[in-house]
Amino acid sequence: MLKLSQTEYAAIRQHGEDTYPHECCGVLLGSVNLDTDTRVVQSVVRAGNTRTDSPHNRYSIDPAELIRIQMQGRKRGEDIIGFYHSHPDHPAMWSSTDLAEAHWIGCSYVITSVDGDKTTGKAVFTKSWVLYGSPDGSAKQLEEEEMIVQNPEQ
Amino acid sequence: MSQIKVQIPTPLRQYSDKKDSVEVEATTVGEAMKAITTAHPDLRRHLYTDEGKLRAFVNLYLNEEDIRYMQKEATEVKDGDTLYIVPSIAGGRG
Ligand SMILES: [Zn+2]
C-alpha cells in the first residue's frame, strides 16, 4: 500500500503534464513498514530525465542526482521508498522495459498516463506498482498496490 | 587503510542487517566492496554475477563521482569518503 497526501499526488500528476509529450520522472521519499508492506510518502522530488535521446518513451535518473536527493531526504529522516514517471499517450500500466529496468525491490513505481494532442496533455490515471522479487533480478514482478490519497481537498 | 562508509540502498538492507550504511576499512573501492560482501555475504550474489562481475544495473559512486569514470574498482579511497551503491532507475514504454 502507498499512502500520500493530495498535494503530493497532485505534484506527481502535474509533473507529467509539465513535461508532456516527454516522460517525467522523480523520487518518492518517506518511510516504509516492511511488515505491513506500507510505504508512506513524505516528499515528492522531481528529477531530470537523462534520456534526452528518446524522452517521449524512455526515462532514466542520473545516480548522482539520486544521491543528492537521498542526502536531502536523510536530513529530514526520509528514505527512498519509490519512484514515479509518466506515460505520454499511453496507459498507466508498466511496460516490459519498465519491468526489465526496475531494480529497487520493495519500492513503489508510480505511473501516470498523460493524454494529449502532442503539445499539451492532461494527467488521466495514476497507478502504483510494487516491485517484488530477488534483487539479483530473478523472479521479478510489478504488482499493482492500493494507493491511498490522504486528506483530499474535496 | 582508510575508514570509509558504504551506503546501502533500501532494497539491499535486508542483507545488511537492516543497516543503511556500513563502515569498512579499505584502500580502494574494490577492497571496500570485498570488505562489505565479506561482512554481509548475502549482498554478494545481489551485487555480483556468478562470474564475479558487478551486475550491469549496479552503479558505484564514490562521493558523487561514478567510479566508471575514475579508476573503476582500483579507485583509491580516503578517510571519510562515502561509497554509494545505487541500482539504476530507468524505464520506458514499448
Ligand atoms: Zn514506463
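This write-up is about the structure you can find in this document. (Residues numbered from 1 in each chain as written. Chains lettered and ligands numbered in written order. Predicted model: local features only at pLDDT ≥ 70, side-chain atom pairs only at ≥ 80, totals over all residues. Heavy atoms only, no water.)

## Things to note about the interface of chain A and chain B
Here is step 1 of the chain: At the junction of the two partners, chain A supplies 35 residues and chain B supplies 27 residues.
Here is step 2 of the chain: With both sides pooled, the region where chain A packs onto chain B buries about 2800 Å², and carbon together with sulfur makes up 55% of that total.
Here is step 3 of the chain: Taken together, the connections running from chain A to chain B amount to 3 salt bridges.
Here is step 4 of the chain: Between D79 of chain A and R13 of chain B there is a salt bridge; the shortest N-O distance is 2.9 Å.
Here is step 5 of the chain: At the surface where chain A touches chain B, the tally comes to 14 residue pairs in polar contact (both at pLDDT 80 or more). (Contact = heavy atoms within 4.5 Å. Buried area = accessible area lost by both parts, 1.4 Å probe. Salt bridge = Lys/Arg side-chain N within 4 Å of Asp/Glu carboxyl O. Polar contact = N/O pair within 3.5 Å; in protein donor to acceptor, adjacent residues only side chain to side chain.)

## Things to note about the sheet that holds strand β4 (residues 65–66) of chain B
Here is step 1 of the chain: Read from one edge of the open sheet, 5 strands run β2-β1-β5-β3-β4 (chain B), paired in mixed fashion. Two strands lie at the open edges of the sheet, namely β2 (21–26) and β4 of chain B, each paired on one side alone.
Here is step 2 of the chain: Two strands pair when backbone bridges link them, and strand β1 (residues 2–7) of chain B and β2 of chain B are joined in this way by 6 bridges, in the antiparallel orientation. Across the sheet, the residue bridging to K5 of chain B is E23 of chain B, located in β2 of chain B.
Here is step 3 of the chain: Relative to the sheet, helix α2 (residues 63–75) of chain A contacts β1, β3 (58–62) and β5 (82–87) of chain B, its axis offset from that of β5 of chain B by approximately 110°.
Here is step 4 of the chain: The strands that helix α1 (residues 29–39) of chain B touches are β1, β2, β3 and β5 of chain B; relative to β2 of chain B, the one it contacts most, it runs at about 125°. (Pairing = 2+ DSSP bridges. Helix = DSSP H or I, 4+ residues; strand = E, 2+ residues; numbered from the N terminus. Axes fitted to C-alpha atoms, helices over the stretch in contact; angles between N-to-C directions.)

## Things to note about the nonpolar core
Here is step 1 of the chain: Judged by nonpolar contacts, the single largest core of 27 residues is most densely connected at V27, I61, L66, F83, W104 and Y109 of chain A.
Here is step 2 of the chain: Those residues in contact with L66 of chain A that sit more than four places away from it in its chain are V27, I61, I80, F83 and W104 of chain A together with V86 and I89 of chain B. (Core = buried A, V, L, I, M, F, W, Y, C linked by side-chain atoms within 4.5 Å. Buried < 20%, exposed > 50% of the residue type's maximum accessible area, 1.4 Å probe, protein only.)

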